[in-house]
Structure formats: C-alpha cells, structure tokens
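# Per-entry structural report
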Amino acid sequence: AYYELADEDVVIHVYGFKKRIKYDNIKSIRMCQNWLSSSAMSKDRIEIVEHYKKKIMGTTYISPLNREDFFTDLKHRCRFLEGIEESSNMNAWNE
C-alpha cells in the first residue's frame, strides 16, 4: 500500500485499488496503534474520520512510512478538522 497527498484529497493505493478522501470531508485525524483490519500495513497508523459518515464506514486507517511527517502535512491541508490527536500511544482496543 502507498498513500499520497494530492491537491484536493488523500489518495490511498491498495492492491490495485484506489480510494480518495477529500480534505474538506475529513472531520478528525489522530495517530494510533491498532490491529483492526484496514488498508494499513502496520499497527502504527493514522486514523481518518470523515464528516457525515457513520463511525465504521467513515473511518479509514493508513500507515505511511514517515507517519509523523505525513500526519503534519495532512493536518495542514484539512480546513474543517474538528479533532486532532497527535499522541501515538492511543490504542483502538480500548475504545
């Protein structure tokens, strides 16, 4: 899997498939650690929650190689963030 920050959206490439999430549709982002099934290939992930979608369908996990830099760049591109959590010691199993 690989991820790119395009002009208007995050582009997620996994096994020949492509998913796009518009920056304006991103409600919150946070760094986390979990093993939930997703397009992320590592337990060290970034959680992206979209506006106007339910928790399960509107939550995407990604694991870019340079997670901290990617997170910072993503944070600056999202104009409508309601929540940002930069702590990497969050655990999705406890939610």
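Calculation rules
- Residues numbered from 1 in each chain as written.
- Predicted model: local features only at pLDDT ≥ 70, side-chain atom pairs only at ≥ 80, totals over all residues.
- Heavy atoms only, no water.
- Pairing = 2+ DSSP bridges.
- Helix = DSSP H or I, 4+ residues; strand = E, 2+ residues; numbered from the N terminus.
- Axes fitted to C-alpha atoms, helices over the stretch in contact; angles between N-to-C directions.
- Contact = heavy atoms within 4.5 Å.
- Buried < 20%, exposed > 50% of the residue type's maximum accessible area, 1.4 Å probe, protein only.
- pLDDT = per-residue confidence, 0-100.

### Describing the sheet that holds strand β1 (residues 2-5)
- Spatial strand order, β1-β2-β3: three strands in an open sheet with antiparallel pairing. The open sheet has two edge strands with one neighbour each: β1 and β3 (17-22). Averaged over all pairs of adjacent strands, the angle between their axes in this sheet comes to 15°, without regard to strand direction.
- As judged from the four bridges shared by β1 and strand β2 (residues 9-14), these two strands associate in the antiparallel manner. Pairing of Tyr3 across the sheet is with Ile12, part of β2.
- Most of the contacts of helix α1 (residues 67-77) go to β1, to which it runs at about 40°, and overall it touches β1 and β2.

### What about the pairing of β2?
- With six of six residues buried, β2 lies mostly within the body of the structure.
- Alternating residues of β2 divide into Asp9, Val11 and His13 and Val10, Ile12 and Val14, and every residue in both groups is buried.
- Linking β1 back to β2 in an antiparallel pair, the connection comprises three residues.
- If you look at the hairpin formed by β2 and β3, you'll find two residues sitting between the two strands, and Tyr15 has a positive phi there, around 50°.

### What to know about the pairing of strand β5 (residues 44-50)
- With six of seven residues buried, β5 lies mostly within the body of the structure.
- When strand β4 (residues 26-33) meets β5, the two strands line up antiparallel, connected through seven bridges. Across the sheet, the residue bridging to Ile29 is Ile48, located in β5.
- Here β5 runs beside strand β6 (residues 59-62); their pairing, made up of four bridges, is antiparallel. Along β6, the bridge assignment pairs Ile48 with Thr60.

### What to know about the confidence of the model for the protein
- Mean pLDDT for the protein: 85, with 83% of residues reaching 70 or above.
- Confidence over residues 88-95 falls short of pLDDT 50; this stretch has 16 contacts with residues more than four positions distant or in other chains.

### Describing unusual backbone geometry
- Look at Tyr15: it is not a glycine, yet its phi comes out positive at around 50°.
- One can find Tyr15 in the loop between β2 and β3.
- Positive phi outside glycine occurs at Tyr52, with the angle close to 65°.
- Relative to the assigned elements, Tyr52 resides in the loop between β5 and β6.
- Taking relative accessible area as the criterion, Tyr52 reaches 82% and is therefore assigned exposed.

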